[in-house]
Amino acid sequence: MSNNGKSLLLAAALCVWAAAASSAAEPVAPGAAAPNAETGPFTLPPLPYGEGALSPFISTETVRYHYGKHHKGYVTVLNNLTAGKPEAGRTLEELVKTVPTGPLFNAAAQVWNHTFYWNSLKPNGGGEPSGDLAAAIARDFGSFAQFREQFSQAAGSLFGSGWAWLVLDNGKLKVVQTSNAGNPLRQGQTPLLTLDVWEHAYYIDYRNVRAEYVEAAIDRLLDWGFAQSNFAKAGKP
Ligand SMILES: [Fe+2]
């Protein structure tokens, strides 16, 4: 059985249990969200490495809160908002691309963005890409150093909360910013890498000095293999 199938069976079992438990306690209003959001179809993907793997550049404590509280919390909200609605049967990417701006979009996009963020980083990352992605960066930014400057600027200068991205837009690489839960898929762009610059991404380790977090993430943690694989997939019909 696929993991998805197992999740659905588990979800159904938990739904029955949650309904029985809630009926014994207090009535639930018709149409109310499921009391246990873990029963929903959207799940928290496992981290691609251990909680301490990005240390010392991003600490175990930061990952524990960022992944275990924030990312998980967005999954919970998404399951609550879609409980009993057709949106529960749509894919996360469909929701990110199509639902109107508002709480449902925010929850869906924050789940997508955070999963993409964890995959954009790796222990012993950083450095420079190679192969056709390296050539495309040289073509579209002039050099890797110029790309790096633009990406660092985008991450450092974004006002408030949001994300810096390397995207492919109509065949051309670009650095873009999105605010809050924004996602480049909404503009028809293909994300290749991202950096979360919400304060919760760095405040435990760097306090208010976002630039130090940005520099450390770029030089020590970015996973260019992940970017290359996204770039390769984007080139296929
Ligand atoms: Fe975050």
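Here, the structure is the one placed above.
The following paragraphs examine the structure supplied in this document. Everything numeric here is computed off the predicted structure, so don't read it as measured data. Starting from 1, residues in each chain are numbered consecutively following that chain's sequence as written. It should be noted that, the model being predicted, local features are given only for residues of pLDDT at least 70 and side-chain atom pairs only at 80 or more, the latter also being counted only at that level, while totals for whole chains, interfaces and linings use all residues.

## Some remarks on the packing of helix 6 (residues 144–157) against helix 8 (residues 210–221)
Geometry of a packed helix pair, given as the angle between the helix axes and the separation of the axes. Short version of the rule: For helices, the axis comes from a line fit to the C-alpha atoms of the stretch in contact; other axes are also lines fit to C-alpha atoms, and the angle between any two N-to-C directions lies between 0 and 180 degrees. Each helix is a run of H or I in the DSSP string that is no shorter than four residues. Each strand is a run of E no shorter than two, and both are numbered from the N terminus. Helix crossings are classified by the rotation of the near helix relative to the far one: an anticlockwise turn of less than a right angle makes the crossing left-handed, while a clockwise turn makes it right-handed. Note on contacts: each residue gets a C-beta atom placed from the backbone, and two residues are in contact if those atoms are within 7 Å. Polarity classes work like this: nonpolar for Ala, Val, Leu, Ile, Met, Phe, Trp, Tyr, Cys and Pro, charged for Asp, Glu, Lys and Arg, and polar for all others, with Gly in that last group.
Axis separation between helix 6 and helix 8 bottoms out at 9 Å; the angle between their running directions is 145 degrees. Helix 6 and helix 8 meet at a crossing whose hand is right-handed. Contacts from Arg 148, Phe 151, Ser 152, Ala 155 and Gly 156 in helix 6 reach Arg 210, Ala 211, Val 214, Glu 215 and Ile 218 in helix 8. Among the residues forming the contact of helix 6 with helix 8, the class breakdown is 5 nonpolar, 2 polar and 3 charged.

## Regarding the sheet that holds strand 1 (residues 162–169)
This is how the line gets drawn: Strand pairing is assigned whenever DSSP detects at least two bridges linking the two strands.
Across the sheet, which stays open at both edges, the 3 strands sit in the order 2-1-3 with antiparallel pairing between neighbours. In this open sheet, the two edge strands, each paired with only one partner strand, are strand 2 (172–179) and strand 3 (190–196). Averaged over all pairs of adjacent strands, the angle between their axes in this sheet comes to 20 degrees, without regard to strand direction. In this structure, strand 1 lies alongside strand 3, joined through 6 bridges in antiparallel fashion. The partner of Trp 163 across the bridge, within strand 3, is Asp 196.

## Considerations on the environment of Ala 136
Among the secondary structure elements, Ala 136 is positioned in helix 5 (residues 131–141). Once the C-alpha coordinates of Ala 136 and Leu 173 are considered, the two residues, 37 residues apart in sequence, prove to be 7.2 Å apart.

## Topic: the nonpolar core
Stated formally: Each nonpolar core consists of buried Ala, Val, Leu, Ile, Met, Phe, Trp, Tyr and Cys residues. Their C-beta atoms, within 7 Å, join them into a set. For the exposure call, what matters is how many other C-beta atoms sit within 10 Å of a residue's own: 20 or more marks it buried, 12 or fewer exposed, and in between partly exposed, using C-beta atoms placed from the backbone.
In terms of nonpolar packing, the biggest core is built from 37 residues, with Ala 164, Leu 166 and Ala 217 touching the most fellow members. Put simply, the parts of the chain that give this core at least two residues each are helix 4 (103–120), helix 5, helix 6, strand 1, strand 2, strand 3, helix 8 and helix 9 (224–234). Examining the composition of this core, we find that 6 residues originate from one element, strand 1, more than from any other. Leu 166 has contacts with Phe 151, Leu 173, Val 175, Leu 192, Leu 193 and Ala 227, leaving out every residue within four places of it along the chain. Counting 15 residues, the second-largest nonpolar core is a separate cluster that includes Phe 42, Leu 78, Phe 105 and Ala 107.

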